[in-house]
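Spelled out from the first residue to the last, the chains are:
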Amino acid sequence: MPKTLSSKDLLSIGEIARRTGLSVSAIRFYEDKGLVEPVRTGGNQRRFLRSDIRRLSFILIAQQLGLSLGEIDAVMRRLPHGRTPTARDWREISAAIRERIDARIAELERTRDRLDGCIGCGCLSLEKCAIYNPGDRLGEQGAGPRQILAD
């Protein structure tokens, strides 16, 4: 921990939980995964930098966007340790995940559009049905709802 930090710069795990809306156990989980790194006091208590509020908030947002913990970890490793990330740091992070977000948006739009033509259509025709799979030919491509979720 840099010597310029004061007790005002550090938050207890309870304070960081209150500020982020995360449970203490979730914060410990993220710590175990190496996504946040608290400092320890002489009494071995966790203390978090104020900048960890943003880090944890980013983790929550990234998970909501569908990023895996592995993807989040890879992106978070670009952030500096021991100092609050700058606007430039966050722009670089944003650029790093923009492609993944765009792909997720396209996947959601594709799924929405295919479901619109499928659910409740009432066509009752296997010849016109958009998700008819004669002879289970899609089973050869893998498991799951191939016509809805696949490109």
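Engineer: Would you take a moment to explain the sheet that holds strand β1 (residues 10-12) for this structure?
Structural biologist: Pairing between the strands of a sheet comes from backbone hydrogen bonds, and it takes one of two forms, parallel or antiparallel. Across the sheet, 3 strands lie side by side as β1-β3-β2; this open sheet has antiparallel pairing. For this open sheet the edge positions go to β1 and β2 (39-40), each flanked by a neighbour on one side alone.

Engineer: How do you make sense of the environment of Leu35 when you look at a structure like this?
Structural biologist: Assignment of secondary structure puts Leu35 in the loop between α2 (24-32) and β2. Judged by its relative accessible area of 5%, Leu35 is buried. For the pair Leu35 and Asp73, spaced 38 residues apart in sequence, the C-alpha separation works out to 6.1 Å. Once residues within four sequence positions are removed from consideration, Leu35 is found in contact with Tyr30, Ile59, Leu69, Ile72, Asp73 and Met76.

Engineer: What should I look at first to understand the pattern of salt bridges in this one?
Structural biologist: Side chains carrying opposite charge are able to pair once their charged atoms draw close together. What the rule picks out here adds up to 7 salt bridges. With a shortest N-O distance of 3.8 Å, Arg40 and Glu31 are connected by a salt bridge. Its relative accessible area of 40% is what places Arg40 among the partly exposed residues. The class for Glu31 is buried, based on a relative accessible area of 18%. A salt bridge links Arg100 to Glu71; the nearest nitrogen and oxygen atoms lie 3.1 Å apart.

Engineer: What is the right way to look at the confidence of the model for the chain in this model?
Structural biologist: If pLDDT is low for a region, its predicted coordinates should not be looked at in detail. The pLDDT averaged across the chain works out to 80; a share of 74% of its residues lies at or above 70. Mean pLDDT values for the elements of the chain range from 60 in helix α6 (residues 146-149) up to 96 in α2.

Engineer: Explain the environment of Glu71 to me, please; I cannot follow it from the model alone.
Structural biologist: Structurally, Glu71 is set in helix α4 (residues 69-76). By relative accessible area, Glu71 is classed as partly exposed at 29%. If we skip the residues at most four places from it in the chain, Glu71 touches Gly66 and Arg100.

Procedures and definitions
- Residues numbered from 1 in each chain as written.
- Predicted model: local features only at pLDDT ≥ 70, side-chain atom pairs only at ≥ 80, totals over all residues.
- Heavy atoms only, no water.
- Pairing = 2+ DSSP bridges.
- Helix = DSSP H or I, 4+ residues; strand = E, 2+ residues; numbered from the N terminus.
- Buried < 20%, exposed > 50% of the residue type's maximum accessible area, 1.4 Å probe, protein only.
- Contact = heavy atoms within 4.5 Å.
- Salt bridge = Lys/Arg side-chain N within 4 Å of Asp/Glu carboxyl O.
- pLDDT = per-residue confidence, 0-100.

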